[in-house]
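For reference, the chains in residue letters:
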Amino acid sequence: MNQMPSSPPCVPKTAKERGKIAPAKLAHVALQTSRYEEMLQWYKVFLEAELVLGTPGVSFLAYDEEHHRIAIINMPGLEDKTPQIGGVAHVAFTYETLDDLFATYERLAAEGIKPFWCINHGATLSMYYRDPDNNQMELQIDTFDSNEATTEWLAESDFETNPIGVKFEPEDLIRRYRAGEERSSLLKRPVIGPSAVPAQLPTA
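Visitor: It is not clear to me how the sheet that holds strand β1 (residues 29–33) should be interpreted in this structure. Could you clarify?
Guide: Judged by pairing direction, the sheet is mixed, and its four strands sit side by side in the order β1-β4-β3-β2 without closing on themselves. The open sheet is flanked by β1 and β2 (50–54), the only strands paired with a single partner. Adjacent strand axes in the sheet meet at a mean angle of 20°, parallel and antiparallel pairs treated alike. Bridging between β2 and strand β3 (residues 58–62) involves four bridges; their strand directions are antiparallel. The residue bridging Leu53 from the neighbouring strand is Phe60, located in β3.

Visitor: Looking at this model, I keep getting lost on the sheet that holds strand β7 (residues 124–130). Mind explaining?
Guide: Working definition: the strands of a sheet are paired by backbone hydrogen bonds and lie parallel or antiparallel to each other. Within the open sheet, the five strands sit side by side as β5-β8-β7-β6-β9. Their pairing is mixed. Every other strand in the sheet has two partners, leaving β5 (90–94) and β9 (166–167) as the edge strands with one partner each. Sheet analysis places β5 next to strand β8 (residues 136–142), joined by five bridges and oriented parallel. Along β8, the bridge assignment pairs Phe93 with Leu139. Its contacts with the sheet place helix α1 (residues 36–46) against β7 and β8, and it is angled at close to 10° to β8.

Visitor: In this structure, what is going on with the pattern of salt bridges? I would like to understand it.
Guide: Side chains that differ in charge, positive against negative, can pair when their charged atoms come close. A complete count under the given rule lists 10 salt bridges for this structure. Between Arg189 and Asp158 there is a salt bridge; the shortest N-O distance is 2.8 Å. Highlighted residues: Arg189 in the segment after α5 (183–187) and Asp158 in the loop between α3 (147–156) and β9, separated in sequence by 31 residues. Each member of the pair, Arg189 together with Asp158, is buried. Measuring nitrogen to oxygen at the nearest pair gives 2.8 Å for the salt bridge that ties Glu181 to Arg176. Among the charged side chains, a network of salt bridges with common partners joins Asp172, Arg175, Arg176 and Glu181.

Visitor: How should the packing of aromatic side chains be read in this particular structure?
Guide: Given two aromatic rings, their pairing is described by the distance between the two centres and the angle made by the two planes. Scanning the entire structure with this criterion turns up 10 aromatic pairs. Between Phe46 and Tyr129, the aromatic rings sit 5.2 Å apart at their centres with planes inclined by 70°, giving edge-to-face as the arrangement. Of this pair, Phe46 sits in helix α1 while Tyr129 sits in strand β7, placing them 83 residues apart in sequence. Taken together through their ring pairs, the aromatic side chains of Trp42, Tyr43, Phe46 and Tyr129 make up a single cluster.

Visitor: How should the environment of Cys118 be read in this particular structure?
Guide: With respect to the helices and strands, the residue Cys118 is situated in strand β6 (residues 117–120). A relative accessible area of 8% places Cys118 in the buried class. Between the C-alpha atom of Cys118 and that of Phe144, which follows or precedes it by 26 residues, the distance is 18 Å. When near neighbours in sequence (up to four residues on either side) are disregarded, Cys118 contacts Ser126, Met127, Val166, Lys167, Phe168 and Pro170.

Visitor: Is there a simple way to explain the nonpolar core in this structure?
Guide: Proteins that are soluble and globular tend to have nonpolar side chains buried together. By size, the foremost hydrophobic cluster in this structure holds 34 residues, and its most contacted members are Tyr43, Phe46, Leu125 and Tyr129. Excluding its chain neighbours within four sequence positions, the residues that come into contact with Tyr129 are Trp42, Phe46, Tyr105, Leu108, Ile113, Lys114, Pro115, Phe116, Asn135, Gln136, Met137 and Leu139.

Visitor: Teacher, can you tell me more about helix α4 (residues 170–178) here?
Guide: Residues spaced three or four apart along an α-helix face the same direction, because each turn holds 3.6 residues. Here α4 has its buried residues at Pro170, Leu173 and Ile174. The arc enclosing the buried residues of α4, seen along the axis, measures out at 100°, which places them on a common side. Contacts made by the buried residues of α4 are with α2 (98–110), β6, β7 and α5. Two residues or fewer after α4 comes Gly180, characterised by a positive phi angle close to 105°.

Visitor: Where do I start with α3 in this structure?
Guide: All buried positions along α3 are accounted for by Thr150, Thr151 and Trp153. Down the axis, α3 shows its buried residues gathered within 160° of arc, on one side only. Opposite its buried face, α3 presents the exposed residues Ala155 and Glu156, each directed more than 90 degrees away.

Parameters and conventions
- Per chain, residue numbering runs from 1 following the sequence as it is written.
- Only residues with pLDDT of at least 70 are given local features in this predicted model, and only at 80 or more are side-chain atom pairs given and counted; all residues enter the totals for whole chains, interfaces and linings.
- Hydrogens are left out, water is left out, and the side-chain values use all remaining heavy atoms of the structure.
- In this analysis, strands are considered paired if DSSP registers two or more bridges between them.
- By the criteria applied, helices consist of DSSP H or I runs no shorter than four residues and strands consist of E runs no shorter than two, each listed in order from the N terminus.
- Axis lines are fitted to C-alpha atoms, over the contacting stretch for helices. Their N-to-C directions set the angle, which ranges from 0 to 180 degrees.
- Pairs of residues are marked as contacts when any of their non-hydrogen atoms sit within 4.5 Å.
- The rule for a salt bridge is simple: a side-chain nitrogen of Lys or Arg has to be within 4 Å of a carboxyl oxygen of Asp or Glu.
- Each residue gets one of three labels from its accessible area relative to the maximum for its type: buried under 20%, exposed over 50%, partly exposed in between, using a 1.4 Å probe on protein chains only.
- Only Phe, Tyr and Trp rings are paired, with Trp represented by its six-membered ring, and only when their centres lie within 6.5 Å; those with planes under 30 degrees apart are stacked, over 60 edge-to-face, the remainder tilted.
- Put simply, buried Ala, Val, Leu, Ile, Met, Phe, Trp, Tyr and Cys residues joined by side-chain atoms within 4.5 Å make one nonpolar core.
- When we speak of the arc, we mean the arc of directions from the helix axis to the C-beta atoms.

If you want it as structure tokens, here you go:
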């Protein structure tokens, strides 16, 4: 299998800066399911979302100023999703602060919703969850304050040998954070040996 050569990281220009026309924003994610009520309730809890409109066939959920961010479509009789089927790997949601991310982790854990994979990617600190249909949802925080700082880290880090990241235990990180450890220390991705590098993002 041929592998594409790596290229040096760069801060990408927007489509507008390149003289192109592109979407103004990513508006929403639509999910079709045979677990309609279960999925609807899960996303209301997971994202602190409110029901904008609900019908027997489709419901729209919002958690910010957008009229809806998640659409849940009722389609009885669908086959269960398996890791062997191609498609979207996951959807990621970014929080503003560590306090917000950690408070969300604790709120969800109290509801019995826990991440199956927690990893410091380097550019983000990320927690991965599965919804009732086995779709992967990522809750994250950016570890750097700017795209320029992220690009600088990518150029100088061990990202080429470890493009996935380093696993972490959320309770341990929360304990260290509340004990007063510096944010930069908490978010810095450790360097690990080749044998400890995850082979790929989780698929099941």
